[in-house]
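# A structural walkthrough
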Amino acid sequence: MYQSVQTNRRSFIKKMAMLSAMTAAASMFPGILFAEEQERGIPEGANLDWKKTPCRFCGVGCGVLVGTENGKAIAVKGDPKSPVNKGLCCVKGYHSILALYGKDRLTKPLVKKNGTYVETSMKEALDLVASKMQETIKDHGKDAVSIYGSGQWTIPDGYAASKLFKGCIGTNNVEANARLCMATAVTGFLTSFGIDEPMGCYEDIDHADTFVLWGNNMAEMHPVLFSRLLDQRLKRGVKIIDFATRTTRTSMAADKSILFNPQSDLAVGNAICYEIIKNGWTNDQFIEAHCNFNKGLTNMGYGLEDNYKFTDKPEKISFEDYKNFLEDYTPEKASKISGVSVKDIKYLATHFGDPNKKVMSFWCMGPNQHSRGTWMNNIIYNIHLLTGKISEPGNSPFSLTGQPSACGTVREVGTLTHKLPHGVVMNKEHREFAAKIWDVPVENISPKPTYHTVEMFRALDRGDIRFMWIQVTNPMVTMPKLKRYRDGAKKEGRFIVVSDIYPTPTTDIADVILPSAMWIEREGMYGNSERRTQYFEQMIDPPGEAMSDTWQLIEVAKRMGFEKQFHYKEETHISEIYNEYRRHHEGKKHNMAPLEVLKSQPGAMWPYVDGKSTQWRFNAKYDPACSNGKDFHFYGKKDGKAVIWQRPYEPAAEEPDAEYPYWLCTGRVVEHWHTGSMTRRIPVLHQAMPHAYVELNPGDAKRMQIRTGDMVKLTTRRGSITMPASVNERGVPAPMQVFVPFFDENMLINDITLDSFCPISKEPDYKKCAVKVEKA
Amino acid sequence: MPIKSYLVHPHDGKKEVLAHALAAITECEVLPAENKDVIVLVTETDTKIEEEILKEKLEAIPSIKLLAMVSGFDAPKN
């Protein structure tokens, strides 16, 4: 499967040498700009029209300026007016516009006939999608059709999908790939605070004294934000502590790197709480006024079986009960589970416990793609709540997102099976509210959630779902235990529609492929990690018959008889949809900024109240929604109090044993956006990181006589894969652990990963399963 | 056939002068930072002797305060 890429080796090496020096400069001089690099490729004398947009790639939401000339995007640079990145870009951002111009862009709809794809018109393809959906509903019921979208959906895309499927068709079969990355963050927020998304913002970085990175390789995944941390270290001497299972570029740049055994972050987090209480570092006044203590069910299982169900049963406990529970997590006991020294556990605790230090926690996929991820999120909040270090500048537990609109679209529009734009389908008032705005009978909206993502693909395999429309995502690379779901999608009697911009392993399973307009080829909005909604206008035309996902949905909705609900005009549909969507969030707790505001500035943070963004929620000094007359008001919960949860350590679903003695962890690299379907078509990024690899610990590699470049066979209970080794290069796993990035469609590591998930969030654990490692 | 990259630190106020001096050398590719006093330099020579000569040329530039090598490759010509 693996093929090396033919490149001009010498020019490639020159480019690498240049990039190495630029990277070194960036670590020595945070905020450094290389204008010439940004403007490289701009024709001499070009008369560029520069327009603002959020970056297409990650969830940081950097503002970029795109220069267009004669209908083509030809330059990109960081937007100095953006408070997010202040003019900086990462390597993906600098090259983002090149993703528009890959040679194999999909420009015509393709319909599979007798096993081969045949070009057709958009009209005919959309007719077929609508008629197939109607036929499936007639033959198998409305819960046999589904849509699977993405945190790369724009806000109008997700809104149109939710309105069509939940409001008009009447099925809750709406999911998005954010279930694979952010669902745990959502359940973490909901269980601890009753309302989703971070209370703080990126400006916290300018106030914090210590940054604790929980399993979060920020240097590669959020490089622009990480450079802001490094900048603060130069200016103010802040401390950066990397707490991870593997040594990465982040660990190397941090002041302190602490490695823990996979899954044992639960034990270390509890030990930090133990130390805080034992040493009297709690903020008792804050706890008394603003916190409750709860416990939930334990031994929940891992969701490995079809139709697995779990509902937690929260039970109130006292502070004393919680203290007794923590006796099982003394630093000494936690050290045995985690491999972290007692000294390092106490070191971590002192940073949180010092009343004169402001602490910011960052995390992303480590605690989220975790079979006890909701618990881990709760434990991080526990630490901040016990010390009262929350909801004020510099004191901030901050869950980062991976995709440009995982927050804006999936979490805020609510494109998950249980969600509505405001509230949840299970709540009668919420259904009535949505039905009124959508202009549909309230009975249309089913009160029962159906399938979360893993279960949705299991339902497709079983035949409970017969029709699936996939937009802006590549599940045939990203689903865990992939082989089952790929085989399931190919079964007789399934009809798959895929909207995308390039051929991918997911278009390979499609019956209809719809060419989509990408990013600035259409108008839209994204919402980033700090609750910032950002607008972008259409700057260039999409190629061929490519059409925005929003308009594809509208066209199909009209064909299915929902003209009344999808009355939007082609020229104004984005503003019409955004203005309709804003009605769902009216009020001081979630008001969205008017479109005119988003057009005039680099985004606005919700709640947008009285013409102002809210930077720190739940703090009466900054948040107009606080109404309890106290300094803090956690208004997501009925009694206005946040919850400190008793959450134990439990092992992972599958741990190394004699037959499969290593841990397998998967993740990303800085050069590639997720599955690489866009960035692998950008030559400089592809050449910089042409294929996947398996990182081994140098000691393990030496013992097996494996050197960088040697082929290594990885085997799990799901199958085997062979790929080149990487030893002592970018990342260094701990002994008896291996790491593989998932961006490479030619080396599908997810064929051998496990589909266990957090029972509360239903988010899969991509970071842990057992694997056998052999020299091939 | 060495290819090397450096961070070049100029003496105060001499960044532009230094960038011009480096750019005038055939074997040098120069990328000055827009907002910091540092220049990225990539050098490409055909032989080790040429490399030595280039090194002498660089050391003779008066506006260089510090030349710090970041990466070095010995790549054969295509």
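Residues numbered from 1 in each chain as written. Chains lettered and ligands numbered in written order. Predicted model: local features only at pLDDT ≥ 70, side-chain atom pairs only at ≥ 80, totals over all residues.

## Let's talk about the overall build of chain A
Within chain A, the regular secondary structure consists of 26 helices and 31 strands. Its C-alpha atoms give chain A a radius of gyration of 25 Å, near enough to 28 Å, the size a compact globule of 776 residues would have. Across the 776 residues in chain A, those meeting the buried criterion constitute 59%. Put simply, of all contacts in chain A between residues at least 6 apart along the chain, 73% involve residues at least 24 apart. (Helix = DSSP H or I, 4+ residues; strand = E, 2+ residues; numbered from the N terminus. Rg over C-alpha atoms; globule rule 2.2 N^0.38 Å. Buried ≥ 20, exposed ≤ 12 C-beta atoms within 10 Å, placed from the backbone. Contact = placed C-beta atoms within 7 Å.)

## A look at the sheet that holds strand 8 (residues 210-214) of chain A
All names here are of chain A. If you trace the five strands from one edge of the open sheet to the other, you get 11-9-8-14-15, paired in parallel fashion. Since the sheet does not close on itself, it has two edges, and those belong to strand 11 (256-259) and strand 15 (396-399), each with one partner. Between one strand and the next, the sheet's axes are offset by a mean angle of 15°, whatever the strand orientation. (Pairing = 2+ DSSP bridges. Axes fitted to C-alpha atoms, helices over the stretch in contact; angles between N-to-C directions.)

## Re the confidence of the model for chain A
Detailed conclusions should not be drawn from predicted coordinates in areas where pLDDT is low. With 97% of its residues at a pLDDT of at least 70, chain A reaches an overall mean of 95. Ignoring residues within four places in sequence, the model shows residues 1-7 of chain A, a span with pLDDT below 50, making twelve contacts including any to other chains. (pLDDT = per-residue confidence, 0-100.)

## Digging into the domain arrangement of chain A
Residues and elements named next belong to chain A. In terms of domains, chain A is made up of domain 1 (31-101), domain 2 (110-176 + 406-606), domain 3 (183-297 + 324-400 + 636-645) and domain 4 (662-753). The straight-line distance from the C-alpha centre of domain 1 to that of domain 2 is 28 Å. Taken residue by residue, the interface counts 20 residues in domain 1 and 15 residues in domain 2. Those elements giving two or more residues to the side of domain 1 that touches domain 2 turn out to be strand 1 (49-54), strand 2 (63-69) and strand 3 (72-78). The element that contributes the greatest number of residues to the side of domain 1 that touches domain 2 is strand 1, accounting for four residues. (Domains from an automatic or database assignment.)

## Digging into unusual backbone geometry
All names here are of chain A. With an omega of -5°, the peptide bond between Trp606 and Pro607 qualifies as cis. With respect to the helices, strands and loops of the structure, Pro607 is situated in the loop between strand 21 (604-605) and strand 22 (608-609). Phi at Asn70 is positive, roughly 50°, even though this residue is not glycine. We note that Asn299 has phi near 45°; this positive angle belongs to a residue other than glycine. Within the element layout of this structure, Asn299 appears in the loop between strand 12 (291-295) and strand 13 (315-317). A tally of 7 C-beta atoms within 10 Å means that Asn299 is categorised as exposed.

## Digging into the sheet that holds strand 26 (residues 694-696) of chain A
Residues and elements named next belong to chain A. Here six strands make up a closed barrel; going around it, the order is 25-30-26-28-27-31 and the pairing mixed. If you compare each strand with its neighbour and ignore which way they point, the axes differ by 45° on average. Sheet topology places strand 26 next to strand 30 (residues 737-741); two bridges connect them, and they run antiparallel. Across the sheet, Leu696 pairs through a bridge with Val738, a residue of strand 30.

## Quick look at the packing of helix 5 (residues 155-169) of chain A against helix 17 (residues 406-414) of chain A
All names here are of chain A. Between helix 5 and helix 17, whose axes approach to 8 Å, the crossing angle comes to 35°. Crossing of helix 5 over helix 17 shows right-handed handedness. For the pair helix 5 and helix 17, contact is made by Ile155, Asp157, Gly158, Tyr159 and Ser162 and by Gly408, Thr409, Val410, Val413 and Gly414, respectively. (Left-handed = near helix turned anticlockwise from the far one by under 90°.)

## Concerning the nonpolar core
Phe211(A), Ile272(A) and Val738(A) are the most contacted members of the largest nonpolar core, which totals 259 residues. In contact with Ile272(A), other than residues within four places in its own chain, are Ile345(A), Leu348(A), Ala349(A), Phe352(A) and Ile383(A). (Core = buried A, V, L, I, M, F, W, Y, C linked by C-beta atoms within 7 Å.)

## Things to note about the packing of helix 5 of chain A against helix 22 (residues 549-559) of chain A
All names here are of chain A. Here helix 5 crosses helix 22 at 25°, and the two axes come no closer than 8 Å. Viewed along their axes, helix 5 and helix 22 adopt a mutual orientation that is roughly parallel. Handedness of the helix 5/helix 22 crossing: left-handed. Across the interface between the two elements, Pro156, Asp157, Ala160, Ala161, Leu164 and Cys168 of helix 5 pack against Asp549, Thr550, Leu553, Ile554 and Ala557 of helix 22. (Parallel < 35°, antiparallel > 145°, perpendicular 65-115°, else oblique.)

## A few points about the environment of Asn307(A)
All names here are of chain A. With respect to the helices and strands, Asn307 occurs in the loop between strand 12 and strand 13. What makes Asn307 exposed here is the crowd of 11 C-beta atoms within 10 Å. Asn307 sits 151 residues away from Arg458 along the chain, and the two C-alpha atoms are 8.7 Å apart.

## Digging into the confidence of the model for chain B
Summing up the model confidence of chain B, the mean pLDDT is 86 and the portion of residues at 70 or higher is 92%. Across the interface, the model reports ipTM at 0.93; the global pTM reads 0.89.

## With respect to helix 4 (residues 122-140) of chain A
Residue and element names in this part refer to chain A. For helix 4, which comprises 19 residues, the first-to-last C-alpha distance of 26 Å matches the rise-based estimate of 27 Å (1.5 Å per residue) to within 8%. Those residues of helix 4 lying buried are Ala125, Leu126, Val129, Met133 and Thr136. Viewed along the axis of helix 4, the buried residues span an arc of 100°, placing them on a single side of the element. The exposed set on the far side of helix 4, more than 90 degrees from its buried face, consists of Lys123, Glu124, Lys138 and Asp139. In the core, the buried residues of helix 4 are packed alongside strand 4 (110-113), strand 6 (145-149), strand 16 (467-471), strand 17 (495-500), strand 18 (512-515) and helix 22. Gly141 lies just past helix 4 and shows a positive phi near 95°. (Expected span 1.5 Å × (residues − 1). Arc of directions from axis to C-beta.)

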